[in-house]
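# What the coordinates show
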Amino acid sequence: MTQLARRHAVNAAMTLLTGLAVVVALIPLALLLWLVVSKGASGLSWSFFTNLPTPVGEPGGGIGNALLGTLYLVGLACLVGLPLGVGAGVFLAERGDGRFGSFIRFTAEVLSGVPSIVVGIVAYGLVVVPMKRFSALAGGVALGLLMVPTLARTTEELVRLVPGSLREASLALGIPQWKTSLRVVLRTALGGVITAVLLAVARAAGETAPLLFTALNNQYWNFAPDQPTASLTVQIYNYAISPYEDWHQKAWTAALVLLILVGALNLTARFLTRSGLTREQR
Amino acid sequence: MEGPPPLLLPDSDNATAARPGDALVATPHRPRNLGDRLWAAGLVSLGGGLAVVAGVIVLALGRLTTPLVGRVHLLEFLKGQDWDPVAASFGALPFIYGTLVTSLLAIVVALPISVGLAIFMVEIAPKGLRPIVSFLIETLAAIPSVVYGLWGLFVLVPWLRQTVEPALARVLGFLPLFQGPPIGLGFLAAGLILAVMILPTIASVTIEVLKTVPISLREAALVLGATRWEAIRLAVLPHARAGIMGATLLGLGRALGETMAVTMVIGNTPEIHASLFATGYTLPSVIANEFAEATSGEHMAALAGLALVLFGLSVLLNAAARLLVKAVKAATGSFG
Amino acid sequence: MTAKADKISVEGLSAYFGKTQVLRSVTAGMPAKSVTAIIGPSGCGKSTLLRCLNRMHELAPGARVEGSIHMDGHDIQGRDVDPVHLRRLVGMVFQRPNPFPTMSIFDNVSAGLRLNGIRGDHRTMVVQCLRQAALWDEVKDRLRAPAISLSGGQQQRLCIARALAVEPEVLLMDEPTSALDPIATAKVEDLIHELKSKYTIVIVTHNMQQAARVSDQTAFLYMGELVEVGPTEQIFTNPREARTEDYVTGKFG
């Protein structure tokens, strides 16, 4: 083979290899989704959504409390994480150009890499220890703290995208700085911020590790912030590592529900981004 | 009589009447009234709150480890191989070992696939294919860890046990890496699952990095008589090298902290073995398994100490990755 | 008229980006070992014509070519022609210098040698190319320095040296001095003058004075159409077409 032919062969081989990389990367995804749907779908039923879990062997049983628990925990997390996260983001965008701002920004970037289980332990120390009990509040705090760094950085980027001319026009009209930021800038960035929040919520809904020793688990319905709470993710985990076949089945179905929840949040965020963009272009 | 009436007053709680010319004098950044001052103060405290969060994390972890502080020497803790809470013996080495082995295996598997994927996406794929692949990568990233663990436990592990590990043992069994009974659970399973999970991280950053390589560089190679792959090798990859390294560090950071999927497939035995078929334990897994039922204050303190080690590792990696990305951005600016 | 045979001849060449037609049935010949300049206002298709000559145009998404291009009598778009090999024979220098930023001066020039597996004493070849590009004296004691440490004009001459290293027969230059200062421009123009004894050069330029200075033959392109082509002196002093006269006297463009 001439040298040129050999070089073309190498080119073709590399093209093939990189294409193969795409296929290899996506095979686990396809397999996983297929399995969750095929194994989990059979367990879906109205009672699965509304019932409490039952002991092994007993029929029926569902994830009602776990599903509600996840929503409850995520709600608490938003109470903790949204003001701090979005607020820090606005700070970084409006006043973050100095040394202090750079320091805060670097802190946010580094914090976003902290493993969720470490944050769980922190929440344990902050909430469970003084309260002397596991609680939904502790879980909410853990999830909320996890949301803060990412929300801060995304919010900063979004607020910075708002054109300076908008801000200047508002100030030129005599509207004070704080009203300008609130009414004009944030309202413009609102769509993006909501998207960022939705994505943060989706990630929080999928967390398990920090909940293991903060919200713990609960076999019953719970609405009190100072009591342990069930969650979809912890329930899936417990079912999966148990030795019982029918609980394994429930794990697949619960996983399907979790994927639908997380998927819906992500798709809504994506949909908002697309329609939000067209709104701004007008 | 004074001149024309003053300009529109921005706020009624401003005691001093605005005079013509005031608007020229006041700059947007000097808070002129209570509202502005409160807003500025609020923002600064929220921003500072972030730093407070970081401090709180360190302090809370530190406080939880205090029962151990007098008792166990830091070096003993890190180098000790024996983890026996009942006997109050706390050695962190098996977990550090497990974390490092699984993370490194994950990088070894994920890096070539991610870079290959990124090259395909940016350089080779037809335009219509790109949004589809990128959507699929984002989907991979959005799947919760426990669902990966579920799939790992019931699909990957049996497959490893029945097919892959025996095959590896037959072909490469002379290496200590592939010796011992194939049970499916263990370092190999954990490393592979981690590889799938960090793939989107490395791939998406690499795609961004490859996109910043200017077309003129590719063309410079092509007009010398290079094939498409040679142009990528000559012009694109060297330019992207530092960025890819940053992507790898980010992926490594994610792998270090991954808990649930690993816990469900690694076997959870606090032992050090050379073989990838062996079961082991990682820092996040032992914390996840033992923290809620810690038998003593010291046990809990030791686990908190492990969390502190994990925190330190992730901060270092993340900081290194960000600094690397910043350096790449600064360098790119100079040939822009 | 022309003593030299055409190295490259283009017949009825039309080029498209998707539905947009950028070249309209251009027919012209470029004599060997001489300099042909292509002039015309912005957007007239000069660069596209150049990029057809080394089949770079077809790499753009949606790009299409009609008509024929012959080099030494061979149809360069024929099935038996390997575009990768063609691009070695027809080298190119771009408007903005684009040395490989991660490589040294030496490695930039030898890049083409390594790529094409050209054996021999690379050091001698690199030195020879740097001399040909009139850059040797300025870099001879810092061959290992990064290529981006050179000035703009030096980088452009480095790119020329790099192109010459693979021993092309034709050198395409796409507005090679538009990003350079006047002194660097003069050096490159002197270089072109020396190179034409060995290479066939086709240069796109929006600077008419430059075309008048360096080229033997000039082609005037307007909105994708070849208005006139002929010896440079004739184009500038006694053009046949009214549009050519308007352009070279500065009435538009």
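Residue indices begin from 1 for each chain and proceed along its sequence in written order. All chains are assigned letters beginning at A, and all ligands numbers beginning at 1, according to the order in which they are written. This being a predicted model, a pLDDT of at least 70 is required before a residue's local features are given, and a value of 80 or more before pairs of side-chain atoms are given or counted; all residues contribute to the totals for chains, interfaces and linings.

## Points about the overall build of chain A
Note the cut-off: Only DSSP runs of H or I reaching four residues or more are called helices, and only runs of E reaching two or more are called strands; each is numbered from the N terminus. For this measure, only C-alpha atoms enter the radius of gyration; the expected value for a globule follows 2.2 Å times N^0.38, where N is the number of residues. Working definition of burial: number of other C-beta atoms within 10 Å of the residue's own, with buried at 20 or more, exposed at 12 or fewer, and partly exposed in between, all C-beta atoms being placed from the backbone. With C-beta atoms placed from the backbone, a contact is any residue pair whose C-beta atoms sit within 7 Å.
Summing up its helical and strand segments, chain A has 10 helices and zero strands in all. Secondary structure elements of chain A, listed N to C terminal, follow the sequence α-α-α-α-α-α-α-α-α-α. Scaling as 2.2 N^0.38, a compact globule of 282 residues should have a C-alpha radius of gyration of about 19 Å, whereas chain A reaches 24 Å, well beyond that. Principal-axis analysis of the C-alpha atoms gives chain A an extent of 75 × 70 × 35 Å. Looking at the 282 residues of chain A, the share that counts as buried comes to 51%. Taking all contacts inside chain A whose residues are at least 6 apart in sequence as the whole, residues at least 24 apart take part in 72%.

## Focus: the interface of chain B and chain A
Inclusion rule: Basically, the charged four are Asp, Glu, Lys and Arg, the nonpolar ten are Ala, Val, Leu, Ile, Met, Phe, Trp, Tyr, Cys and Pro, and anything else, Gly included, counts as polar.
In this assembly, 73 residues from chain B lie in contact with 75 residues from chain A. Among the elements that make up the side of chain B that touches chain A, the one with the highest residue count is helix 2 (residues 34-69) of chain B (18 residues). Among the residues forming the side of chain B that touches chain A, the class breakdown is 53 nonpolar, 14 polar and six charged.

## Quick word on the packing of helix 3 (residues 64-95) of chain A against helix 4 (residues 99-111) of chain A
Residues and elements named next belong to chain A. Applied cut-off: Here an axis means a line fitted to C-alpha atoms, over the contact stretch when the element is a helix, while the angle between two N-to-C directions is reported on a 0 to 180 degree scale. What makes a crossing left-handed is the near helix being turned counterclockwise from the far one by less than a right angle; a clockwise turn instead makes it right-handed.
Relative orientation of the contacting elements helix 3 and helix 4 amounts to 145°, with a least axis distance of 10 Å. Handedness of the helix 3/helix 4 crossing: left-handed. The segment helix 3 lies against helix 4, with Ala 88, Leu 92 and Arg 95 engaging Gly 101, Ile 104, Arg 105 and Ala 108. Grouping the constituent residues of the contact of helix 3 with helix 4 by class yields four nonpolar, one polar and two charged.

## Examining the interface of chain C and chain B
Opposite the 21 residues of chain C that make contact, chain B presents 17 residues. Among the secondary structure elements, those contributing two or more residues to the side of chain C that touches chain B are helix 2 (83-89), strand 6 (90-93) and helix 3 (105-115) of chain C. The element that contributes the greatest number of residues to the side of chain C that touches chain B is helix 2 of chain C, accounting for four residues. Here the residues of the side of chain C that touches chain B sort into 11 nonpolar, seven polar and three charged.

## Considering the confidence of the model for chain A
Applicable threshold: pLDDT measures the predictor's confidence residue by residue and takes values from 0 up to 100.
Per-residue confidence for chain A averages 87 on the pLDDT scale, and 97% of its residues sit at or above 70. Taken as a whole, residues 278-282 of chain A scores under 50 in pLDDT and shows zero contacts with residues more than four places along the chain or in a different chain.

## Comments concerning the domain arrangement of chain A
Note the threshold: These domain boundaries are the output of an automatic or database domain assignment.
Its domain assignment divides chain A into domain 1 (3-43) and domain 2 (61-281). Residue-level contacts link six residues of domain 1 of chain A with seven residues of domain 2 of chain A.

## Description of the nonpolar core
For the record, the criterion: Working definition: the nonpolar core is a set of buried Ala, Val, Leu, Ile, Met, Phe, Trp, Tyr and Cys residues, joined through C-beta atoms within 7 Å.
Ile 121, Ile 236 and Ala 255 of chain A together with Ala 189, Ile 193, Val 265 and Leu 306 of chain B are the most contacted members of the largest nonpolar core, which totals 276 residues. Sorting elements by how many residues they give to this core places helix 7 (residues 187-211) of chain B first, with 18 residues. Two domains share this core, each providing at least three of its residues, namely domain 1 (3-43) and domain 2 (61-281) of chain A. Aside from chain neighbours lying at most four places away, what touches Ala 189 of chain B is Gly 152, Leu 156, Val 157, Leu 160, Gly 184, Val 265 and Ile 266 of chain B.

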